[in-house]
Every structure is written in C-alpha cells, then in structure tokens.
Amino acid sequence: MSNTEDRRSFLTAGSLAAATGVVGNLLGRNVQAQEPMPMDMKGMSSHQHGEHTPPQMPAGSDVQAEYDGYSRFKPSRGNDPNSDYYLGKMMPGFRPASDGPATFEAPDLDKLPYKMVGGVKEFQLVPMAVKREFLPGYEMNVYGYNGSMPGPTIEVTQGDRVRFVVTNELPEDTYVHWHGFELPIQWDGASELTQEPIKPGETFVYEFDVHEEGTFFYHSHVPMQEAFGMVGWFIVHPKKVFDPPVDRDFGLIFQNFFIDSSQTIADSWKMDWNWHTINGRSGPYTTPLVVKHGERVRVRIMNFAPMQHHPIHLHGHTFWLTGREGARTPYSAWIPRNTELIGIAQATDFEFIANNPGDWMFHCHMVHHMMNHMTEQVGPRMRQGVSVDQYLANLDSRPRVDATRQDPGFDTPGYPQEMKGMNMSPSMMKAIGSRRAMMGMRPMAEMAVMGLMTTLRVMPKDLYHKVMETDQEVEPGEVFNEIVRRFGDPAKYNPGMKGMKM
C-alpha cells in the first residue's frame, strides 16, 4: 500500500457515532465499542443502529486509540498531568516519521517554485504592487510578492543552500529581510545598514546556507511597505522529523489594514485598522482547515499586524505550544492552552489531536478584529425602517433622520451594539460557500465568521472523503447535521434553514 493510501485509511465510516439518549453511557465506554448513528443522506453509506464499526488504524501502524487515559477520538484529559500523553502531548499522528515531514499548507497561498542550480535551490522573488480580494468583490490595492499578498511560501529543508534572485517591480526602493535567520551580515536585508537599496527595476541576489529548522518568514524592511502587506512564509523542515510526527501542518498569517469605505488603497499612516485578513482573505472568505478525526495537527500562526497583538483562540480543543519563530521548544517547556497571545512579528506553533468532530471557530479574540470593514455606524442605525440603499441611490437627498428613538431597544443604554452594514449578496454567499472546504457546514455558517476568523473542521473519515476527495454534491448542513447525529443530541438540535443552497 502506498503512503497516500495508507494515510487515507485512518478511520472507517461511522466509527464513533453515538445514539440519541445514550450519550452519557457512551462517554464511559471504550472508544472502539461505540455504536454509529443511522446515516440517510445522499451519497453516504447507511448503517442500522447497533452495527459495530470500530476505528481502524493505518495498516502496519502501531499507533493506539488511547494513551494513558487520553483518547484520540473523543475529548479527554488523561490520567496524569505529568504523563507524556496528558492532553495528547506526545500522542503520535497516524503518519510515521519515516514518511518525512507532513506537507505544509497555507490556505489561499501558493508555494514559490525553485530550480536547482549547481546544488543550490534558486528562487525568483518579485516585490510588486498587487490586488487582493479580501472578500468576494472587495478587491484591494496592496503590496506583495509575485502577484500575491501575502507572498508565496518558501519551503526548504534544514541544511539547504538557497539563492534568492530579487527583482524589484515596485516604484520605490525595497529590501528583503529573512526574519529569524542566522546568516552572514551582508544578506540580512536590514536596509542601508547591510546593503544598498534594490532600486525599481534592479535585481539583487541573496545566497546563504540554512542551518535552522522551524517557522520563519521574509518581509520588506521598509516599514510602510510592511504595513502594505509585504510578508511571506519561510518554512524550514528539519532533517530529523519532529517527534511526535504530525499528520497536518498549516500556516496562517494574520494582518490588519486601514482602507477607507470609499477607497481600495491601504493607508499605512493610520494608527487603527478596519480590515483584517488571514492569508490575505477576511472571514468568511478564509478557507477552513479541514482534518480527519483523530489526526495530530500543527498550526503555525504568524502575526504581521502593524501594531496590534492577537489573542488566538481555538474552540473545542486544547493545544500545546510547541515552538516559536526562534526554534522548536523543548518538550519540558510546552504549555497547554486554548487561547494564546501572539505579539507583532511573532510566530507560534500549536499542536493538538483533532479528537472532537465538528466545525470549530479559530480566531483572534479582540472584539474589533472579529468584524469586517469597520466604519462609523450611522445611516442604517439612525433611520428606522429606511434602507441605506435609498440614500445610496440619491446622494443629493438624504432620508429623514428619526431622532425620536422610538425603537424600544433604546430603553437599554448603549443600544444598538450589533455590527451593521456588511450584508452579503447571494453571489458573495455562493462564492464563499461553494468551495469544497466549506461544503456541508450548517446553513448560514458564513454569517458567524468575520474578520480574523476561520474554522477548523474535524470530520470522520467517510465525511472527509465525500467533501474533500470527491466531487459529489454536498447539501448545506449535511456534514454538520450528521456529526450532531453521531456525537451530539439530535433531539435537541435545530438544523437551521433547510434546503438552502449556495
């Protein structure tokens, strides 16, 4: 069996389903004794209640479903906080270390290709002005590399010698700094301190050996260009795979911009920010991280905001902090968290076992970062019963302002505090919801994900296969409803707007 086939045989369909009314009893059972719920959705297998379908580990693998009281298939803590397996700390993924590092994925970003020239990995990097669609139809003017903001991911292996041929297509001078690398001073890219500017149209070549391993990034060393978005991942895989090996390896770059409501150009002079992006897209246009139930997952998050920190929170799971942009952290210093504060120009590695099926929010917890396109909320709030579209249709005649505040909500001081004015058109909803990674989520799930927000989707193998490995139709709510049927209490669940298609 090939490595790919081996990785795709993690779990069998319906392996961990829970029947209505017996959830409490199931929590006390061994995970392999749990019973599946019926499945009656189009394209999915149907099981009669009571059939036994235990989890199936990859062929030839010696990984286990449970280690010292911690289960890879249901939320658990473990028997001893001092155990190596408490909260899944050292629980291995399904992939053996002999397979090499897991493929690094930065959703919505490409990888920078290279060619081998005399034993050196040679990359072509082009600083340039680019357009980036933060949301469907909201195309913004920013700076980036090779037509992308953030720039494409650079991926190498510890011990490689690398060469970067940088051709400046910006209308102004630039430099490239290799953030966190211990390299000869002439290649550091710290402006005139170490080199002459790369003039518009000119080319500069950086070349050095990479002895590090871990999470790094590259960026312009002109501050205003940084605020315009000029950054990209630089991932260095270790020669010796980190232990325990992971099944998934994701990268998310968090950024903030100020773009006035009448503009498409980022204002790098501002001290506040109203647009927030993850890998160049704003929620709900961010692409979910989709994993299989029981996998070990690494998520690398980098904060490249101009001047704001980000407390990053993951719902439904507890993760371990396993590294920073400086290096891999020794096991003894790992810390379990579900919220971690990431400062400006810092990167943090999280690792966890995806043992809780569902669609889980993964976001910055600063309230102003959980919104899109923040502007003063006038107009729609002030004019009771009057659509803002009426004002936009005739700018010379504004609808009458209702100053009486007759809405009973105004009896509560501070009302209203719900964010308004960022309505999604049917075409925008379709562009967001029609992507495979979004299919099967609860109807209208997009309305909950804004700004610096994305989702972690943990699916049993059969659901993952249908959504991510086939082109079969997936109805809105299909996957979420099935997960509730298997693992929750469907008798007390409202599935939302039925039959709504994107």
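Above: the structure in question.
Before going into details, it helps to say that this report is about the structure given with it. Values in this document were obtained by computation on a predicted structure and should not be read as measured data.

### Quick notes on helix 7 (residues 478-487)
Point 1. The buried count for helix 7 comes to seven of 10 residues, which makes it a mostly enclosed element.
Point 2. Along helix 7, the positions that sit buried rather than exposed are E478, V479, N481, E482, I483, V484 and R486.
Point 3. On its buried side, helix 7 packs onto strand 23 (358-364), strand 24 (453-459) and helix 6 (461-468).

### Some points on the pattern of salt bridges
Point 1. Applying the stated criterion to the full structure yields 22 salt bridges.
Point 2. Measuring nitrogen to oxygen at the nearest pair gives 2.9 Å for the salt bridge that ties R248 to E295. Within this pair, whereas R248 is found in strand 14 (residues 248-257), its partner E295 is found in the loop between strand 16 (289-292) and strand 17 (296-303), the two being separated by 47 residues in sequence. Each of the two residues, R248 as well as E295, counts as buried.

### A word on the pairing of strand 12 (residues 214-220)
Point 1. Of all the seven residues making up strand 12, seven are buried; the element is thus mostly covered by neighbouring parts of the structure.
Point 2. For strand 10 (residues 176-179) and strand 12, the ladder comprises four bridges, and the chain directions are antiparallel. The partner of H177 across the bridge, within strand 12, is H219.
Point 3. Bridge count for strand 12 against strand 13 (residues 231-237) is six bridges, and the pairing is antiparallel. Pairing of H219 across the sheet is with V231, part of strand 13.

### With respect to the sheet that holds strand 8 (residues 154-157)
Point 1. With respect to topology, four strands assemble into an open sheet ordered 8-13-12-10, the strand pairing being mixed. Edge positions in the sheet fall to strand 8 and strand 10, since each has one partner strand and no second. Taking each pair of neighbouring strands and ignoring which way they run, the sheet shows an average axis angle of 20°.
Point 2. As paired elements, strand 8 and strand 13 share four bridges and run parallel to each other. Its bridge partner being in strand 13, E155 is matched across the sheet by I235.

Criteria and cut-off values
- Residues numbered from 1 in each chain as written.
- Predicted model: local features only at pLDDT ≥ 70, side-chain atom pairs only at ≥ 80, totals over all residues.
- Heavy atoms only, no water.
- Buried < 20%, exposed > 50% of the residue type's maximum accessible area, 1.4 Å probe, protein only.
- Helix = DSSP H or I, 4+ residues; strand = E, 2+ residues; numbered from the N terminus.
- Contact = heavy atoms within 4.5 Å.
- Salt bridge = Lys/Arg side-chain N within 4 Å of Asp/Glu carboxyl O.
- Pairing = 2+ DSSP bridges.
- Axes fitted to C-alpha atoms, helices over the stretch in contact; angles between N-to-C directions.

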